Each structure stands twice: as structure tokens, then as C-alpha cells.
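Here is how the chains run, residue by residue.
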Amino acid sequence: MEKYDVVIIGAGPSGYAAAMRAVDFKKKTLLIEKNTLGGAGITNGALSSKTWWELSRDMLAFRKNLARYNMTAPATIWKEIQLEVNQAVKERIDLLQDHLNQLKHSSQYNTYLDYQTGTAEIIDEHTIRISTENINTDVEADYIIIASGSRPRILPNIPIDEKHILTSDTIENMDDFPKSMVIVGAGVIGCEYATIFAGFGQTKVYLIDKGDTILPFEDQDVVAVIEKTLEEQGVHIHRNSTLVNMEIKDGQVVYQLEFSDGHTETFEVEKALISVGRVPNYENIWSDAVPIKMNRRGIEDTDTNTSVKNIYAIGDITADINLVNVGELEGRYAIEKIFGKPCRQLVYENISTIMFLNPEVAGVGLNEKMAKEQGLNYKAVTVDYTTIPRAIAKRDTQGFIKLLVTDDDEMKVLGMRVVGEQASSAIQAVALLISMDKGIEELAECVHPHPSITEGIQESVRALLGKSILKSGLLKNKVNCYCYNCEKEELRAF
Ligand SMILES: Cc1cc2nc3c(=O)[nH]c(=O)nc-3n(C[C@H](O)[C@H](O)[C@H](O)COP(=O)(O)OP(=O)(O)OC[C@H]3O[C@@H](n4cnc5c(N)ncnc54)[C@H](O)[C@@H]3O)c2cc1C
Ligand SMILES: NC(=O)c1ccc[n+]([C@@H]2O[C@H](COP(=O)([O-])OP(=O)(O)OC[C@H]3O[C@@H](n4cnc5c(N)ncnc54)[C@H](O)[C@@H]3O)[C@@H](O)[C@H]2O)c1
């Protein structure tokens, strides 16, 4: 039996990152993938959906610009867009595959990494069985890392056929833009696809969530901006309603909603997308002889350790955050823990995220909802994009910056949300401050290029310190400082 230092199950972003870190340690490593290299980080997931989003954004801008010349944009051709997305996916997979091939032929690395396609199952604590169509092979490992990812959660009462009623695994494989589509689950995936389809302008989109609003985990001021732009683009948000039935009738999707006043209404659309969260891929990954503990959300891990000493878990299979950057972080961390000493603690507080909406929403750390749930007193400032010269020049002043700090003299950064143009690049400086456990003085004093969106962040910090250029509370809803007292559940302007 071939023996490895470490065997990694799943070559999505988490598994791939772990394998490459194991190579750095010169450990004999086997990476096993049953399907497509890159997992949901590339196919029917992060990269593919972001390519759809970019193309949809281009189309929206194109339509807007043509309107200036009193011209109407021609219809977008689905197949052309789909081809472009498939090309992006292929480019990325090819790059990762080429990298593996180069490693295999490199005299520096060739002894360390094997890559195999097949379905892996942990038979006992040190044995992994790899099954392909024709053959089963067992290998031995000192350490095993599970990186088998996740898949869309399905609802038992909805007849998902992946043709009329789809999930994120199949939505990109449709033959054409549907004339109408309902999206069930207005979380990140649901709202991103609502933005994409609304942007192309060829699909009437309906959006439902079981929560009271879209993006129920976000602050209401953030949600308000996103709802406004979605509705301006013709998206119909079903409010105060619950989905009571969905079926496929004569090739159409028919669904019934019950509204909070008791009345029901029936709607008919061409397609439905079900995006109500993701579930871990744990089935048949380990045999009963291997006592790995898990809960409904995934493997219960302590800093990537599972309940079995030599077996680790990383990425979406674990019961925490499902993001590419988190999976990669955990993968690299697990290897450093096994073979060396991690460069730094595994912390999640400074993970920055982007939601690819219109406009984009970038976040790091806590929002007000989370701070209140944690019973924290905080100070907050909001700076509207209408005060930022770069946003004015861009002719796009929708959005705002919101910064939360501790309600004490130190004013440590608790979190931030930026809704608007270039939100994702604006957030980085603050993510760094959180990771360094620093107060906001540093940010107030550095010189930002002009005109830039990050000047808005500097102005937020200065406002909290009482030295902003535009003074808080004077221009209606443009620059506002307030503090929250959790005992009194009270907001007070300052
Ligand atoms: C539509 C969509 C959009 C997203 N957008 C973003 C985004 O913009 N930014 C972001 O950070 N995250 C995004 N995500 C989340 C991100 O894709 C995941 O968090 C990330 O892919 C998780 O990586 P992973 O390696 O843990 O799992 P996966 O990517 O799921 O990879 C797991 C791999 O393991 C393989 N596997 C499973 N079982 C076995 C087995 N028994 N043997 C061998 N191989 C096996 C699978 O085939 C798969 O390739 C998005 C997800 C979706 C669905
Ligand atoms: N830009 C990004 O970083 C990005 C993009 C896409 C996905 N992701 C990752 O993928 C994960 C999964 O995304 P998701 O959108 O599927 O999950 P989600 O948790 O973001 O949203 C699921 C939504 O479905 C709703 N819901 C649940 N059950 C329902 C029901 N029965 N009827 C109606 N609504 C229901 C929830 O209230 C919630 O709003 C995200 O949590 C995120 O980690 C990240």
C-alpha cells in the first residue's frame, strides 16, 4: 500500500490550498478529487457566478450609456454570455491543472505531490479507499484532511428537477434567459443571481425569503439600498409572505404565497432558483469505524482538528463560514499545525467579504445587528457616498460607509460595511486594523490619494474622533455619528 504523510480529500479551494502548503513542508501528499478541480470555488460557484455578475454589470452600464444617446441596447445573447463564463471557468481549471502538471515534472517538487481523480472514503483512521469506475485502491496516511465541501440545500416540499426548478448547481446551464424567474431564499446567492438577471434586463425576477427582508442577516440601512436598486431594475420582492406550495405545471413553475393578512396568491413563472443555504458533503466520506463528530451544519472542528486525532477538516465541510478565503485560510493553517507551527492564530474576525450586488457590499467584522446580539455598546459613523468626490465623479453616489468601534477611549474597530462603488477595495485598510487589534487613530492620520473612495473611510474615522471636514449631523443623513447603549437599547447622536 502506498504511504503518504498527508492525504487530502477534495480539490476545491480549501483542499488545493492545503496541498500546496504541504508541498512547502516537503511532505508526501496525495490530493484526491472526484469531480472537477477547483470545486465550487470555480464551477457553479464563486468564479462562474462572479463572471456572470461582471458581464451583467457591463450590460447594465452599456444600456445606461446608450440611453444617453437615445439608443436602445440590443438583446443580450445567452449563449454568448454562457460561452464567456465557460471560458473563464476553463481558464482557471486549466491553470490549476497545468500547475499540478508542472509540479509533477519539477525536480524541486516532483516527489511531494500526487493528484488522483476518484471518490475517497476513509476506511479507518489511517486508510483511505479511492474508487474509480474500474478499480478501488487503498492508500495509507499519517494525516488525513477532509475538504469535501458543500452543495445546495434542498427543501423537501419543492420538486427540484434542475430543469424548471433549479439550484446554483444548474442555473448557469439553462438554454436561454427565462422570461420570468422566482428566487426562493434572498440570502447571498439569491440576491447575487437576482442582481445578475436583473442586470441583463431580460428576465422578470421575483424574490422570496422566509425572513422579513432580503439579506436578513444584514443591517436594515444596507438592505434598503440593495432593495431600492433591485426594485428600480424591476425585481419584485414578495414581502410579508410565505411560500406555501410550488409545483411544475405544463412546463411552468406555479407557486402560491400566503400573505400576513391571510390572503393567498398564485404566481406562474418560467423558472425557479432555490437558494436557501448549503449543506456539507459528508455522506460516505468516512466509515462507521471512524468516530468523526458532526452536527447539522458540518464537521465540528476545533481550529481544524476533528474529534479524531490525525484527521482534520477544512472549508465548507466544517460548521462555520462558507467562503473561498476562509477555506484557503483553514487549509493552510491545518498543514502548518500538522507539520510545523502556524504563523498566526486562526481568527475569523478580520475576514472580509464582498456581496456582488448592485452596488457591491463589502464587510468586515461586526455589523450593528451582530453587535446588538452580542450585547455590545458601540459608537458608529455613517458617511454617505454623496460626500465622496470620487463617487460624484463616477456619477454613482448610491451607498454609504458605516464604521463601528468600541464605545470607549480606545475606539477599537468592531466592524465595517461599505455599500457602493469600489466597496471591496475600500474595506482592506480596516480589515488590517482589526487584525492588528488597533484603534482608529492610525487610519485618521495616513494620507489617502485624491479622489478616492478610501477618503470616505478617513472621513468616517475623523468624524468619530471629532475632527472631520464635514461635521456630523449638519447635512441631513450625510455624516452621522451615534452611539448605542445595549442596556437601554438606545441610539444617541453625538
Ligand atoms: C453560487 C456560489 C457563489 C459563491 N461565491 C463566492 C464568492 O464570491 N466568494 C467566496 O469567497 N465564496 C463564494 N462561494 C462559496 C465558495 O465557493 C465555497 O466556500 C468554497 O468553494 C468552499 O471550498 P471547499 O474547498 O471547502 O469546497 P468545494 O469548493 O465544495 O470543493 C470540495 C471538493 O471536494 C470534492 N469531493 C467531495 N467529496 C469527495 C470525495 N469523497 N472524494 C473526492 N473528492 C470529493 C468535490 O467534488 C469538490 O470538488 C460561492 C458559492 C456558490 C455556490
Ligand atoms: N459573495 C460571496 O462571498 C458569496 C456568494 C455566494 C455564496 N456565498 C457563500 O455561500 C453560502 C450559501 O449561500 P446562500 O445564499 O445559499 O445561503 P444564505 O444563508 O446566505 O441565504 C439563505 C437564505 O435563504 C433563506 N431561507 C432559508 N430557508 C428558506 C425557506 N424555506 N424559504 C425561503 N427562504 C428560506 C434564509 O432566510 C436566507 O436568507 C453563503 O452563506 C456564503 O457563505 C458567498
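Residues numbered from 1 in each chain as written. Chains lettered and ligands numbered in written order. Predicted model: local features only at pLDDT ≥ 70, side-chain atom pairs only at ≥ 80, totals over all residues.

Going by what an unreviewed UniProt entry lists, the chain is known as NAD(P)/FAD-dependent oxidoreductase and is assigned to Marivirga aurantiaca. UniProt lists a comment for the chain under the heading Sequence similarities (unreviewed entry), and it reads "Belongs to the class-I pyridine nucleotide-disulfide oxidoreductase family." (UniProt positions renumbered as here; feature names shortened; annotations may be inferred.)

Colleague: With reference to specific residues and values, describe the overall build of the chain.
Modeller: Regarding its fold elements, the chain presents 13 helices and 26 strands. Over its C-alpha trace the chain gives a radius of gyration of 24 Å, about what one expects of a compact globule, namely 23 Å for 494 residues. Dimensions of the chain along its principal axes, counting C-alpha atoms only, are 75 × 65 × 45 Å. Taking all 494 residues of the chain together, the buried fraction comes to 44%. Within the chain, contacts between residues at least 6 apart in sequence are counted, and of these 63% link residues at least 24 apart. (Helix = DSSP H or I, 4+ residues; strand = E, 2+ residues; numbered from the N terminus. Rg over C-alpha atoms; globule rule 2.2 N^0.38 Å. Buried ≥ 20, exposed ≤ 12 C-beta atoms within 10 Å, placed from the backbone. Contact = placed C-beta atoms within 7 Å.)

Colleague: Can you explain the site of ligand 2? Please cite residues and give values.
Modeller: Taken together, 25 residues lie around ligand 2, and Gly185, Gly187, Ile189, Lys210 and Asn322 are the ones closest in. Among the elements of the structure, α5 (188-200) and β20 (352-355) are those that each provide at least two residues to the shell around ligand 2. Ranked by the residues each element gives to the shell around ligand 2, the list is headed by α5, at four residues. (Near = placed C-beta within 6 Å.)

Colleague: An account of the packing of helix α1 (residues 13-24) against helix α7 (residues 324-339) is needed here, citing residue identities and associated values.
Modeller: It is the contact of α1 with α7, at a shortest axis distance of 7 Å, that shows an interaxial angle of 30°. The chirality of how α1 crosses α7 is right-handed. The residues of α7 that touch α1, namely those facing Pro13, Ser14, Gly15, Ala17, Ala18, Arg21 and Ala22, are Val324, Gly327, Glu328, Glu330, Gly331, Arg332, Ala334, Ile335 and Glu336. Looking at the contact of α1 with α7 residue by residue, the class counts come to seven nonpolar, four polar and five charged. (Axes fitted to C-alpha atoms, helices over the stretch in contact; angles between N-to-C directions. Left-handed = near helix turned anticlockwise from the far one by under 90°. Nonpolar A, V, L, I, M, F, W, Y, C, P; charged D, E, K, R; others polar.)

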